[in-house]
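Below, each chain spelled out in residue letters.
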Amino acid sequence: MKIKQASRSEVKLRIGISAASGFGKTYSALQMGFGMTNDWSKICVIDSESSASLYSHLGQFNVIEIEAPFTPEKYIEAIKLAENSGMQLIILDSISHEWSGSGGCLEIHEQLGGRWQDWAKVTPRHQAFIDSIILSKCHIITCVRRKIEYSLDTDLNGRMKVTKLGTKEVTKEGFEFELTLNFEIINEQHLAKASKDRTGLYMNKPEFVISSATGKRLINWATMNDVMNLNNLLKKITECKNKSELRELFNKYPELSKSVAAEFTEHEKFLNSLTTNVIPNGQYTHPHTS
C-alpha cells in the first residue's frame, strides 16, 4: 500500500456504445478503437454477434469468436486471453448476450428455478464479469443492444392501448454507472449522443457520427496528465534517445505534438547526427557544441 499523486495518465477508458440492431455499433466501435490505438493489431474484438469479420477490410484487427452458452466465465476467459496477447484495446460485441443470450445470466437464473433467492448464485458470476471489465489493463469498448419498451395503458374511454416508452439497454440495469462514457446511437444515420460522460467532452453536445477522431480525442483526454503543458512535452522530446522513441512520443500526443513540430524535427536531426559524430573510442560529440 502506498500513497501517490492522482494521474489521469493511468486511466483506462471504459466506453459504452448502445444502439438498436443495424445502427452501427460494431463499425463505430472499430473506428473509435483505431483512433485510440492508431494500430489495428492492438485491437481485439470479443465477438458474440458473428459480425466483426464483416469489417476486416478496415484493418488487421484481432477477433475472439465466442458461441453459446454465453456464460459470464466465457467472457472473462476471452478478456484474459486478449490481455495476455498484448492488446491495448478490447471491444466486447456485445455484452447483451452475457445477460439475456442463450446461457446468459437470465437463462441461468431460470434454470436454477427462477426464484428471487436464486439470484444469490447468479449475481456473483455476473459481478465477476463486470469486475473483469473494470479491472482490465486494456481500454475497453462495450457494445450493447437496445430494445423498444412498451407499456399497456387504459385510455379515457376505458380501452387498452399500447404506449411506446422508448428504448432500453439489454443488460443488467445500472451498467452505465461503471463506464467513463456512454454513447447511444439514435438512428440509421449513425448519429450518437452521450447519456453519461465523465470526460465532459460530449455531454449535452450536438449529435455526431462516431469516428477515429472521437477515439483520438478520448485518448488525448485520458493521457493529458502525462503532458500537462508544452514545456513538459518539450522536456520529453529532449529525453528521447532514438528516433523510435521520438516517433512514439509524437504519435501518443498528436494534437499537442503539432504545436511543437519544429522541436521534434530539430531533435530528430540531432539523433541523426549522432551516427556521423562518432569518434574512435565510441564516444560522440554534440553537433551544437563541437
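Remember, predicted model here, so these are calculated numbers, not experimental data.

Q: Got a minute to help me understand the nonpolar core in this structure?
A: Within soluble globular proteins, side chains that are nonpolar generally end up buried alongside one another. Residues Met32, Ile91, Ile141 and Phe183 are the most contacted members of the largest nonpolar core, which totals 31 residues. For this core, the secondary-structure elements that each account for two or more residues are β1 (14–19), α1 (25–37), β2 (43–47), β4 (89–93), β5 (139–154), β7 (181–185), β8 (191–197) and α6 (212–222). In this structure, methionine 32 is in contact with Ile15, Ile17, Ile141, Phe183, Ile210, Ser211, Thr214, Gly215 and Leu218, ignoring residues within four places of it in sequence. Residues Ile79, Met87, Ile90 and Leu92 belong to the second largest nonpolar core, which totals 22 residues.

Q: What exactly am I supposed to notice about the environment of alanine 120 here?
A: Counting through the fold element by element, alanine 120 comes out in helix α5 (residues 119–134). Note: C-alpha distance between alanine 120 and histidine 109 (11 residues apart in sequence) is 9.5 Å.

Q: What should I look at first to understand the state of the cysteines in this one?
A: Here a disulfide denotes a covalent bond joining the sulfur atom of one cysteine to the sulfur atom of another. Tallied over the full model, the rule gives 0 disulfides. Not part of a disulfide, cysteine 138 finds its nearest cysteine sulfur in cysteine 44, a span of 8.8 Å. According to the relative accessible area criterion, cysteine 138 is buried, its value standing at 1%.

Q: For this particular structure, what's the right way to read the pattern of salt bridges?
A: Side chains carrying opposite charge are able to pair once their charged atoms draw close together. For the structure shown, the criterion picks out 6 salt bridges. Linking glutamate 49 and arginine 145 is a salt bridge whose minimum nitrogen-to-oxygen distance equals 2.9 Å. Here the residue glutamate 49 occupies a position in the loop between β2 and β3 (62–65), and arginine 145 occupies one in strand β5, the gap between them amounting to 96 residues. For the salt bridge of arginine 146 with glutamate 184, the shortest nitrogen-to-oxygen distance reads 3.5 Å. Linking arginine 146 in strand β5 with glutamate 184 in strand β7, this pair joins segments that are 38 residues apart in sequence. Taking the relative accessible area as the measure of exposure, arginine 146 reaches 17% and is therefore buried. One salt-bridge network, in which partners are shared between bridges, spans Arg146, Glu169 and Glu184.

Q: Any chance you could explain the pairing of β2 here in plain terms?
A: Every regular strand shows the same layout, with side chains that alternate between the two sheet faces. Along β2, 5 of the 5 residues are buried, which leaves the element largely enclosed by surrounding structure. Two elements, β2 and β4, share 5 bridges in a ladder whose sense is parallel. For isoleucine 46, the partnering residue across the bridge sits in β4 and is leucine 92. With 4 bridges connecting them, β2 and β3 associate as parallel partners. Bridging across to β3, valine 45 finds its partner in valine 63.

Q: Sorry if this is basic, but what is going on with the pairing of β8 here?
A: Bridge count for β7 against β8 is 5 bridges, and the pairing is antiparallel. Note that in β8 the partner of leucine 181 across the bridge is aspartate 197. The antiparallel pairing of β7 with β8 creates a hairpin that spans 5 residues between the two strands, and histidine 190 there sits at a positive phi of about 70°. Both β8 and strand β9 (residues 208–209) contribute to a ladder of 2 bridges, which runs antiparallel. Of the residues in β9, the one forming a bridge with leucine 191 is valine 209.

Rules used throughout
- Residues numbered from 1 in each chain as written.
- Predicted model: local features only at pLDDT ≥ 70, side-chain atom pairs only at ≥ 80, totals over all residues.
- Heavy atoms only, no water.
- Core = buried A, V, L, I, M, F, W, Y, C linked by side-chain atoms within 4.5 Å.
- Buried < 20%, exposed > 50% of the residue type's maximum accessible area, 1.4 Å probe, protein only.
- Helix = DSSP H or I, 4+ residues; strand = E, 2+ residues; numbered from the N terminus.
- Contact = heavy atoms within 4.5 Å.
- Disulfide = S-S within 2.5 Å.
- Salt bridge = Lys/Arg side-chain N within 4 Å of Asp/Glu carboxyl O.
- Pairing = 2+ DSSP bridges.

Bear in mind that shape data such as this cannot, by itself, settle questions of function.
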